[in-house]
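Residues per chain, in single letters:
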Amino acid sequence: MSIAPYVVASLFWIYAFWRLSSALWGDHRRRALWGMVIAFAAVWTLKTPVVDYGMDHSGINDLSSVCKHVIAIGGIYSLLAYVLAVYGSQDESSDEGYVRVSRVVSKVALKAAVVTIASLILLFAFAIDRSKPTEHFVTGHAGELGMTIYMSLVYLYMGGASAVAAYQWASAVRRTTSWLMRVALGMMSTSMGLAVLYALIRTVYVFYATAVVPTQHIADLQENITEPLSTGLFLLLLLGLTVPTTRALVDRVRAFTALMRLHLLWRDLALAVPAPVMLKPSQLKLGPLTRPANFLRDIFRLDQPVQDRLARYVTEIRDITAELQYYAPSDLFDRAKKYAQVCKDEMGPRRTWLFWLRRPLDRWAGGGLAHRRSQREEAVRGRGERSTTGSRAEPKLVRTVGPPHVLTNNAQQHAEAVPDEDTAAAAEGYWTSAALAHMTRGDSPRPTQAEFTSASGGNYDSEVPWLQKVATHYRAADTATQELLADPDPVTA
């Protein structure tokens, strides 16, 4: 017993479930595509030996065959409707060949499908001898004129629709600039080309079986050729359909990842300066679950698509940053850049291995993420006072020439805050944290904006990865914030 029908049917049902949302909330093109997938999933389900046996022993001989053919015609029409909707929805004045073909075919596609299905049902009921069950529909009805007309209609519609789809997708390959879409469209075009070949081979066999009763060897030979061809073309079609949706899934995952990395920076800014924020941060009160609950609610909210939310995060972070420039001292950005550069110079590659060795121990000893978050909230709320036993009593940076394993607490925090690269991102993260602290502790706004220049590049595509780097340094900016708040020039001893 072949497992191919079970595998192909399962894959189509999985894809149909995956794309269910597009059928419920998408446009007519997405619904047509989903209808095609459902139809082909049903066809391959009917081809499974268990279902095929059950239907053919239901009291109506060859019931499985006519159901497969009728549903297949419906699926092919859905495929054709999708293709025609995509490539025929151009400007009315367009004179492109693929547009003209789409418009001409779209006028007859539905009528041809309805006529074909009606004809198949009538021929099955009145022109085909169903007195005995058959293992293979064409071979079992060899020599019957009714079978010849019936199968000719099936393969004529299948071959014609597949040829149109193959032409449209092949022409789209030449027009698209995305290599991923080229691959997907090439797969789908090839699958339709195989469908045309399949229809031609089966049509030739139908007429051969009408003229001459085929031997068992000939019947088995055509089955061994056309069945793998049918399996291959459907799998290739499904794979081609999956490639763009897989890219969309990857883009969604990347967007969610960026949201997670930006969330803390965005949330702190949005709570401090709520005016530019369109959708306010979640403020649930659930005791020890407050932070994770608010995080999940902000990231996975359903009232806005994830890509739109990411664009909103970026825009609102930049709008609030502009507002913070009125509260930041005029030299704060220069001091932040100096601080980041000195941290990079002092904590060079010689000590990087020690930082990664000590970091898990420091997290364990300090209570992990919750402890560092409480320290950050204290810093952002503003604390100008400094304990005499605090970081002022410690070296601001490691300046001694002692053994490399002698790191002060301050230096360890600098190492966590500033990796060897992205000094500009570190400076921006430090400036943001310090400027926010100036505002939240009650400093009066200044009449003009303080100097601040981002190295992001200024466009959205570069802002998203850049702000993720800034957010990484912002999360570890507690010590830098204290130094920048307390000292006019924290990098001089």
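Described in the following lines is the structure provided in the data block. Bear in mind that the values here come from a model prediction, so they are computed numbers and not experimental data. (Residues numbered from 1 in each chain as written. Predicted model: local features only at pLDDT ≥ 70, side-chain atom pairs only at ≥ 80, totals over all residues. Heavy atoms only, no water.)

Some words on the packing of aromatic side chains
Then comes step 1: According to the stated counting rule, one finds 12 aromatic pairs in the structure shown.
Then comes step 2: With a centroid separation of 5.7 Å and 80° between ring planes, the pair formed by Tyr-339 and Tyr-430 is classed as edge-to-face. Here Tyr-339, found in helix H13 (residues 332-346), pairs with Tyr-430, found in helix H17 (residues 423-440); they are 91 residues apart in sequence, far enough to count as distant. Here Tyr-339 and Tyr-430 have matching classes, each one buried.
Then comes step 3: One aromatic cluster is present, formed by Phe-12, Phe-40, Trp-44 and Phe-234 through successive ring pairs.
Then comes step 4: Over the face of the ring belonging to Trp-44 we find Lys-47, whose NZ or CZ atom lies 4.2 Å from the ring centre.
Then comes step 5: If you follow Arg-130 out to its NZ or CZ, it ends over the ring of Phe-124, 4.5 Å from the centre. (Phe/Tyr/Trp six-rings, centres within 6.5 Å; stacked < 30°, edge-to-face > 60°. Helix = DSSP H or I, 4+ residues; strand = E, 2+ residues; numbered from the N terminus. Buried < 20%, exposed > 50% of the residue type's maximum accessible area, 1.4 Å probe, protein only. Lys NZ or Arg CZ within 6 Å of the ring centre and 35° of its normal.)

Considering the environment of Pro-276
Then comes step 1: Inspection of the secondary structure assignment puts Pro-276 in the loop between helix H10 (216-272) and helix H11 (290-299).
Then comes step 2: On the basis of relative accessible area, Pro-276 is assigned to the partly exposed category, the value being 30%.
Then comes step 3: Linking Pro-276 and Thr-315, residues 39 residues apart in sequence, is a C-alpha distance of 9.1 Å.
Then comes step 4: If we ignore the near neighbours within four places in the chain, the residues touching Pro-276 are Glu-316, Asp-319 and Ile-320. (Contact = heavy atoms within 4.5 Å.)

A short note on the nonpolar core
Then comes step 1: In this structure, Leu-79, Tyr-150, Trp-169 and Leu-237 are the most contacted members of the largest nonpolar core, which totals 62 residues.
Then comes step 2: Of all the secondary structure elements, the ones that give two or more residues to this core are helix H1 (4-18), helix H3 (28-47), helix H5 (63-88), helix H6 (97-126), helix H7 (137-140), helix H8 (145-175), helix H9 (179-211) and H10.
Then comes step 3: If we skip the residues at most four places from it in the chain, Tyr-150 touches Ser-65, Val-66, His-69, Leu-120, Leu-123, Phe-124, Ile-128 and Phe-137.
Then comes step 4: Val-273, Val-306, Ile-320 and Val-470 belong to the second-largest nonpolar core, a separate cluster that totals 47 residues. (Core = buried A, V, L, I, M, F, W, Y, C linked by side-chain atoms within 4.5 Å.)

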